[in-house]
Amino acid sequence: ETGVTQTPRHLVMGMTNKKSLKCEQHLGHNAMYWYKQSAKKPLELMFVYSLEERVENNSVPSRFSPECPNSSHLFLHLHTLQPEDSALYLCASSQASSSGGSTDTQYFGPGTRLTVL
Amino acid sequence: AQSVAQPEDQVNVAEGNPLTVKCTYSVSGNPYLFWYVQYPNRGLQFLLKYITGDNLVKGSYGFEAEFNKSQTSFHLKKPSALVSDSALYFCAVVNFNKFYFGSGTKLNVKP
């Protein structure tokens, strides 16, 4: 898990707070992902960045705002969240093909456990 | 349409017995298939993958998976389960350059 790190590991926030999740990958990959993992539900892909460009946004509410300043770092900015947004947020990275496709193995960070009060 | 299915929410097996965690897929063309494991409060860890070639793929921690094209399955297996194998297991398939994960199967290995 040292290949992909996430901070903080745990976060408790109120619905009016603004916070950010950070992800850093040390694998030399060029694609990064945000997933949401809720209890008893499949992993939900939220955002995909390939070569620092957002290539996928899966109908995620605007209260989640991603940022990818370079190929090694990925942020998820949070504001005015709802209690149902409480979940484990996972970051992953992979080596995308020249066409931007993501068929290669994804490597995950340990996740941030988010609780919205 | 769902691309990958894990029909069992939970699998219980005694330590030392063989284990199987099932996965079926539904994609066109030649699939890329993966298995991941997740321990409590941790991210997903890559176990193994099938791209092409030998239908039996060997991975980490003594796990293996068999690709069966006619049954569109990619079941995860281990000849002798350990208590430490208890975790959440996810199957994934790549379809049109996108990863799709199954809903996960909780494996309980009892001493």
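Use the structure listed above.
What counts and how
- Residues numbered from 1 in each chain as written.
- Chains lettered and ligands numbered in written order.
- Predicted model: local features only at pLDDT ≥ 70, side-chain atom pairs only at ≥ 80, totals over all residues.
- Heavy atoms only, no water.
- Helix = DSSP H or I, 4+ residues; strand = E, 2+ residues; numbered from the N terminus.
- Rg over C-alpha atoms; globule rule 2.2 N^0.38 Å.
- Areas by Shrake-Rupley, 256 points an atom, 1.4 Å probe, with all protein chains shown as cover.
- Lys, Arg positive; Asp, Glu negative; His and termini not counted.
- Charge placed at Lys NZ, Arg CZ, Asp CG, Glu CD.
- Disulfide = S-S within 2.5 Å.
- Buried < 20%, exposed > 50% of the residue type's maximum accessible area, 1.4 Å probe, protein only.
- Pairing = 2+ DSSP bridges.
- Axes fitted to C-alpha atoms, helices over the stretch in contact; angles between N-to-C directions.
- Contact = heavy atoms within 4.5 Å.
- Buried area = accessible area lost by both parts, 1.4 Å probe.
- Salt bridge = Lys/Arg side-chain N within 4 Å of Asp/Glu carboxyl O.
- Polar contact = N/O pair within 3.5 Å; in protein donor to acceptor, adjacent residues only side chain to side chain.

Asker: An account of the overall build of chain A is needed here, citing residue identities and associated values.
Answerer: Along chain A, the regular secondary structure elements total 0 helices and 11 strands. In sequence order, the secondary structure elements of chain A are arranged as β-β-β-β-β-β-β-β-β-β-β. Whereas a compact globule of 117 residues would reach a radius of gyration of roughly 13 Å, chain A reaches 13 Å, a difference of no more than 12%. For the C-alpha atoms alone, the extent of chain A along its principal axes is close to 40 × 30 × 30 Å. Carbon and sulfur atoms make up 50% of the accessible area of chain A, which amounts to about 5,400 Å² in all. Side chains of chain A carry 10 positive and 10 negative charges; the gap between the two charge centres is 11 Å.

Asker: Quick rundown of the state of the cysteines? Include the residues and the values.
Answerer: Here, disulfide denotes a covalent bond that connects the sulfur atoms of two cysteines. Residue and element names in this part refer to chain A. The tally for this structure, following the rule as stated, stands at 2 disulfides over all chains. Cys-23 shares a disulfide with Cys-91; S-S distance 1.9 Å. With the S-S dihedral at roughly -75°, the linkage between Cys-23 and Cys-91 falls on the left-handed side. One end of the pair, Cys-23, is in strand S3 (residues 18–25); the other, Cys-91, is in strand S9 (residues 87–94), and 68 residues separate them in sequence. When its relative accessible area of 0% is taken as the criterion, Cys-23 is described as buried.

Asker: Account for the sheet that holds strand S8 (residues 73–79) of chain A, naming residues and giving values.
Answerer: Sheets are built from strands that pair by backbone hydrogen bonding, the pairs being arranged parallel or antiparallel. Residue and element names in this part refer to chain A. The 4 strands are arranged S1-S3-S8-S7 in an open sheet whose pairing can be described as antiparallel. Here the strands that pair on one side only, and so sit at the sheet edges, are strand S1 (4–7) and strand S7 (64–70). Neighbour-to-neighbour, the strand axes of the sheet open up by a mean angle of 20°, direction not taken into account. Judged from the 5 bridges that link them, S7 and S8 form a sheet pairing that is antiparallel.

Asker: I'd like a description of the interface of chain B and chain A, backed by residues and values.
Answerer: Contacts between the two partners involve 20 residues from chain B, matched on the other side by 21 residues from chain A. Where chain B abuts chain A, roughly 1,700 Å² becomes buried across the two surfaces, and 52% of that area is made up of carbon and sulfur atoms. Three residues stand out in chain B for area buried against chain A, namely Asn-97, Phe-99 and Phe-101 of chain B, and they jointly supply 30% of the buried area on that side. On inspection of chain B and its partner chain A, the count reaches 1 salt bridge. With its nearest N and O atoms 3.3 Å apart, the salt bridge here joins Asp-104 of chain A to Lys-49 of chain B. Here chain B and chain A share 5 residue pairs in polar contact (both at pLDDT 80 or more) between them. Listing elements by their share of the side of chain B that touches chain A, those giving two or more residues are strand S5 (32–38), strand S6 (44–50), strand S10 (87–95) and strand S11 (98–101) of chain B.

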